[in-house]
Amino acid sequence: MNLKAGQYIRHSKYGCGTIVERDDDRTTVDFDTFGVRKFVTAMAAFELAQGEAPKKKRVTGKRRAKPPIVINEALPS
């Protein structure tokens, strides 16, 4: 089967996912419920899935909460 990056596939264990990268040695798939997994291309067993891949939210970096500003003033005596 001649699969390429961007195709929506089904795997018997992980379910449906989108091929992210594929070469002669490795195939990387981003599954809908299991995340990203890598397979040996020669041993991978995929079939084309019906429909389209669901839209995923763009992941942005989490913002760190800024620490509160502490003003350390000497107390009058």
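Residues numbered from 1 in each chain as written. Predicted model: local features only at pLDDT ≥ 70, side-chain atom pairs only at ≥ 80, totals over all residues. Heavy atoms only, no water.

## Observations regarding the overall build of the protein
Counting its regular elements, the protein contains zero helices and five strands. Beginning at the N terminus, the succession of helices and strands in the protein can be written as β-β-β-β-β. Per-residue burial for the protein yields a buried fraction of 22% across its 77 residues. Look at the contacts in the protein between residues 6 or more apart in sequence, and 29% of them connect residues 24 or more apart. When the accessible surface of the protein is summed, it comes to about 7,100 Å², and 51% of that surface belongs to carbon and sulfur atoms. (Helix = DSSP H or I, 4+ residues; strand = E, 2+ residues; numbered from the N terminus. Buried < 20%, exposed > 50% of the residue type's maximum accessible area, 1.4 Å probe, protein only. Contact = heavy atoms within 4.5 Å. Areas by Shrake-Rupley, 256 points an atom, 1.4 Å probe, with all protein chains shown as cover.)

## Examining the side chain of H11
Looking at the element boundaries, H11 is found in strand β1 (residues 8-11). When its relative accessible area of 12% is taken as the criterion, H11 is described as buried. Of note is the side chain of H11, whose polar atom sits 3.3 Å from the backbone nitrogen of Y14. Not counting the four nearest positions on each side in its chain, H11 is found in contact with F31, F39, A45 and F46. (Polar contact = N/O pair within 3.5 Å; in protein donor to acceptor, adjacent residues only side chain to side chain.)

## Re the confidence of the model for the protein
Per-residue confidence for the protein averages 85 on the pLDDT scale, and 87% of its residues sit at or above 70. Mean pLDDT in the protein bottoms out at strand β5 (residues 46-48), which sits at 92, and peaks at strand β3 (residues 26-31), which reaches 95. (pLDDT = per-residue confidence, 0-100.)

## Some thoughts on the side chain of T27
Counting through the fold element by element, T27 comes out in strand β3. Taking the relative accessible area as the measure of exposure, T27 reaches 0% and is therefore buried. A distance of 2.9 Å separates a polar atom in the side chain of T27 from a polar atom in the side chain of T41. Residues within four places of T27 in sequence aside, it is in contact with I19, E21, R22, R37, K38, F39, T41 and F46.

## Focus on the pairing of strand β2 (residues 15-22)
Direction of pairing for β1 relative to β2: antiparallel, over a ladder of four bridges. Note on β2: the bridge partner recorded for Y8 is T18. Count of turn residues in the β1/β2 antiparallel hairpin: three residues. Note that β2 and β3 share five bridges and pair antiparallel. (Pairing = 2+ DSSP bridges.)

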